[in-house]
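What follows is the residue order along each chain.
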Amino acid sequence: MIGLNLMARRRTGVLAAGTLAIGAIALGSAVYAVSPGFTDDRSADLAGAINPAKPKNVILLIGDGTDDSIITAARNYELGAKGRFALDELPFTGAMTTFGLKTGPNPDDYPINYVSDSAPTASGWSTGKKTVDSRLSQGPSSADTVPGEDYETVLEKYKKQGKRTGNVSTAEITDATPAAAAAHINLRACQGPTDMASCPTAKKSAGGKGSVAEQLVDNKIDVILGGGLNRYNQTTDAGPSVLSYAQSAHKYQVIKDKTSLSGVDTLANGPILGLFSGGNMTPKYKPLTATPAGAGGPDTTCQTADRGTQPSLADMTDKAIKLLDNDKGFFLQVESAMVDKQEHASDLCGAIGDVLELDNALKVAQAYQAKHPDTLIIVTGDHAHSTQIVGNGGSTTDATGATGGKATATVKTADGDPMTVAYSTSNPGGSQSHTGAQIRVAASGPQAANVTGTIDQTDLFATMLGRTPSKLPTGPTTPAPTAKPAAPVVALVADSRISAKQLRKPGLRVSTNVAGATSVKVSLVKGSRTVATKTVGRYGATVHLKVKSGVKGALKVVVTAKGPGGTKTRTTTVTVTR
C-alpha cells in the first residue's frame, strides 16, 4: 500500500460539530491509508454463494430512479469514497437495461422507447414483458387510452400458489412501482375511483377492475404499507370509500401510524393496510434544492426531516417480513420511492437520504435471510435519472475540473470534502427527467447468480418465480498455492469532543474503513464498561453510537476487526462535555 500524509479536517454540521482526526494508520515507520478494495481471491467465496435451487421466499427491493450515479453520491456523503453500502457487498452484481415501447398501429413492431417511466419498468419485472409509458402490467396498444392485454404478475402468481404477499413503498401505494405489482390499467394516473377520467372502461361501474387503489385490495395482498390515504378516502362508484370497502369486503386492518404498526403481530384478524400519509411519505432528509447559483457549500450537511408518526422504510420492511413469514413462503416488494421524486425536484439531500433508507431496508432483509437461506434478495432500480457528480474547481486537470450545470448543489461528505452534483435535464424549477442508461442489479440467495452480466429487467420475472435449477459442475480442480492471510487493516475517524446531550441524540459519529476482515464491531467504552456497541459490514461503515444514561469525561472508541489473518483493534479517545 502507498504511504500517504493526510491532513486533519473539520466536519461542521448544524446539529453537531467537532474535530475529526483522519483515519490514517501508522504501521512501523510509515503511514498507510485503508484501501477500499480487498485482499484475498474471491473465486471460492463466489462459487460457494451460487445456489441453483428455486427460492422459497423472494424480497425485491427497489430504489426508484436509483442508478450508479446517485448511489455513488449517497455513498460519498454517508460513508466516504472508500465506504461501502450493504447493497455494494451483495455477492452477485450485474447491469440491467430498462427500455420500453411506444404505442403504435403495428402490434408486431412497436417502436422502442429508450427512456421509460416507472410504470413500464415496474411492469417489466412484474410480468416479464415490455409495455408502454404510464401502463401498469398491461400490454402495449395503438394509443394511451386504448387498454392492452392484462399480464399476470409475480405477486399474483405467488398468491395463486398459496404464498403470502406484501407491497411496501414510501410513495403513495397506488403510485406506478407498487401499483404494477398487482394492478392492471392503461394509465398510471388512474390511482383512485375519482381519478378515472382517462380510464373509463376500467371503472367498476363499466365492468372493469376499478382504480389502482381498488385493485390492490381486491388482489387481497396480505400486507400493504405506504402513503396514499387520500386515494383510499375517495368514494367508489358503489358509494363507500375505498377504505371502507377494503374493511368490509376484505377485512383489512387499517393502521395509520408507526405506533399502530408496531402493535400489529398477526394476520389472523385480516390483512394489513397501512396508510401513513395522505400522499407520499416524508423523505429522511430536509430538501437541499439545486439552484443556478449553486445551493449549499463546502460545509453543508443534510439535516434530518421531521417525519412525525410515519415509520421508516426499514420499520415497514421489518414488520412486513415478520407478518409474511410462514411455512409456504412469501413474495415481498419494497420500494424506496423518494430517491426518484427528490431527483425530479433537484433535491440532492432528499435523494441521498432515501438511498440510505433503501440500504437500511436491505439490512433488515439480510437479517431474515441469514436465518432463512432459502430467501432470494434482489436490489435494483427501475430506471436511471438525472443526478451527475461534477467537478467543483480546485486542483484538477482539464478533464476533471469542469463545473456547473443548469443547477447545482454542494455538500460536505463523510471524507470532509465538498461534493457537487448537477441537474441539467430541465431548467431550474422544472422536473428533472429520467435517462436511458442501464442500471445496477444485485442479489444474494437462491438463483441470485442469474443477475450477473448484462440482463434486462424482464429477466427478473423468471428468476423471482424460480428458473429450472441447473447442475453445478463437479470434479477435481487445481488448488491455488496457499498464502497466509494478512491481518485486517483498520482506519478510524471519530469526533474528539461531544456534549452529553449530543451523545444521547444523535450520538457519536464514528467512521471506519476496513480491509481483510469478515466481521467488524464498533464499541464505546467507559473504563471497563462497554456503554454502546454496533456490528457493521466487513468493510466498515459510518454509525452513530448513542448513550442514554449520563456519562462524562473520557471515553474510548474501539473498533475490532476479525478476519482470516487474525484480529486487529484500533482505538481513539473522545471527551464528553456537559
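Refer to the structure above for everything that follows.
Residues numbered from 1 in each chain as written. Predicted model: local features only at pLDDT ≥ 70, side-chain atom pairs only at ≥ 80, totals over all residues. Heavy atoms only, no water.

(A) Focus on the side chain of Glu-357. Examined against the element boundaries, Glu-357 turns out to sit in helix 12 (residues 348–371). A relative accessible area of 4% means that Glu-357 is categorised as buried. Reaching out from Glu-357, the side chain makes a polar contact with the side chain of Arg-307 at a distance of 3.0 Å. (Helix = DSSP H or I, 4+ residues; strand = E, 2+ residues; numbered from the N terminus. Buried < 20%, exposed > 50% of the residue type's maximum accessible area, 1.4 Å probe, protein only. Polar contact = N/O pair within 3.5 Å; in protein donor to acceptor, adjacent residues only side chain to side chain.)

(B) Here's a closer look at the sheet that holds strand 12 (residues 272–275). The 10 strands lie next to each other as 11-12-10-9-14-5-15-19-6-20, forming an open sheet whose pairing is mixed. Each having just a single partner strand, strand 11 (253–255) and strand 20 (453–456) make up the two edges of the open sheet. Here the average twist between neighbouring strands, direction ignored, is 15°. Looking at chain direction, strand 6 (residues 92–97) and strand 19 (residues 439–444) are connected through 5 bridges and run antiparallel. (Pairing = 2+ DSSP bridges. Axes fitted to C-alpha atoms, helices over the stretch in contact; angles between N-to-C directions.)

(C) The arrangement of helix 8 (residues 242–250) in detail. Burial in helix 8 covers these residues: Val-242, Leu-243, Tyr-245, Ala-246 and His-250. The arc that holds every buried residue of helix 8, seen down its axis, measures 160°, which confines them to one face. Buried residues belonging to helix 8 abut helix 6 (212–218), helix 7 (229–232), strand 11 and strand 12. With its phi angle positive at about 60°, Lys-251 sits one or two positions after the end of helix 8. (Arc of directions from axis to C-beta. Contact = heavy atoms within 4.5 Å.)

(D) Representation of the packing of aromatic side chains in the model. Tallying each qualifying case throughout the model produces 3 aromatic pairs. Ring geometry for Tyr-158 and Phe-331: centres 6.0 Å apart, planes at 20°, overall stacked. In this pair, Tyr-158 is assigned in helix 4 (residues 154–160) and Phe-331 in strand 14 (residues 330–336), connecting sequence segments 173 residues apart. Take Phe-331: its relative accessible area is 2%, and that puts it in the buried class. If you follow Lys-130 out to its NZ or CZ, it ends over the ring of Phe-99, 3.8 Å from the centre. (Phe/Tyr/Trp six-rings, centres within 6.5 Å; stacked < 30°, edge-to-face > 60°. Lys NZ or Arg CZ within 6 Å of the ring centre and 35° of its normal.)

(E) Molecular detail of unusual backbone geometry. Here the amide bond leading from Lys-505 into Pro-506 is cis, since omega sits at 15°, within 30 degrees of zero. Its place among the elements puts Pro-506 in the loop between helix 14 (500–504) and strand 23 (508–515). The phi dihedral of Lys-220 falls on the positive side, at around 55°, and the residue is not glycine. Checked against the element boundaries, Lys-220 lands in the loop between helix 6 and strand 10 (223–227). At Gln-447, a residue that is not glycine, the phi angle is positive and equals roughly 65°. Turning to its location among the elements, Gln-447 is positioned in the loop between strand 19 and strand 20. According to the relative accessible area criterion, Gln-447 is buried, its value standing at 4%.

(F) Expanded view of the pairing of strand 10. The element strand 10 is largely enclosed, with a buried count of 5 among its 5 residues. Direction of pairing for strand 10 relative to strand 12: parallel, over a ladder of 4 bridges. Looking at the pairing, Val-223 lines up with Ile-272 of strand 12.

(G) Seen up close, the packing of helix 2 (residues 68–78) against helix 12. Axis separation between helix 2 and helix 12 bottoms out at 9 Å; the angle between their running directions is 85°. The angle between helix 2 and helix 12 falls in the class roughly perpendicular. Every residue of helix 12 that contacts helix 2 at Ile-70, Ile-71, Ala-73, Ala-74, Tyr-77 and Glu-78 is listed here: Ala-351, Ile-352, Val-355 and Leu-356. Residue composition of the contact of helix 2 with helix 12, grouped by class: 9 nonpolar, no polar and 1 charged. (Parallel < 35°, antiparallel > 145°, perpendicular 65-115°, else oblique. Nonpolar A, V, L, I, M, F, W, Y, C, P; charged D, E, K, R; others polar.)

(H) Quick look at the nonpolar core. In this structure, Leu-61, Leu-225 and Leu-524 are the most contacted members of the largest nonpolar core, which totals 86 residues. Examining the composition of this core, we find that 12 residues originate from one element, helix 12, more than from any other. Ala-182, Cys-199, Ala-246 and Tyr-252 belong to the second-largest nonpolar core, a separate cluster that totals 53 residues. (Core = buried A, V, L, I, M, F, W, Y, C linked by side-chain atoms within 4.5 Å.)

(I) Spatial organisation of the pairing of strand 27 (residues 553–563). Direction of pairing for strand 24 (residues 519–526) relative to strand 27: antiparallel, over a ladder of 7 bridges. Counterpart to Val-522 in the pairing with strand 27 is Val-559. In this structure, strand 27 lies alongside strand 28 (residues 566–577), joined through 11 bridges in antiparallel fashion. Pairing of Thr-560 across the sheet is with Thr-569, part of strand 28. Linking strand 27 to strand 28, which pair antiparallel, is a turn of 2 residues.

(J) Inspection of the pattern of salt bridges at higher detail. Summed over the entire model, instances satisfying the criterion amount to 18 salt bridges. When the shortest N-O distance is used, the salt bridge between Asp-318 and Lys-322 registers 3.0 Å. Of this pair, Asp-318 and Lys-322 both sit in helix 10 (residues 313–324), 4 residues apart, which is roughly one turn of the helix. On the basis of relative accessible area, Lys-322 is assigned to the exposed category, the value being 55%. Through salt bridges with shared partners, one network takes in Asp-68, Arg-75, Asp-88 and Arg-440. (Salt bridge = Lys/Arg side-chain N within 4 Å of Asp/Glu carboxyl O.)

(K) Just the environment of Thr-403, in detail. Note on placement: Thr-403 falls in the loop between strand 16 (388–390) and strand 17 (407–412). Discounting residues that sit within four places of it in the chain, Thr-403 has contacts with Gly-391, Asn-392 and Gly-393.

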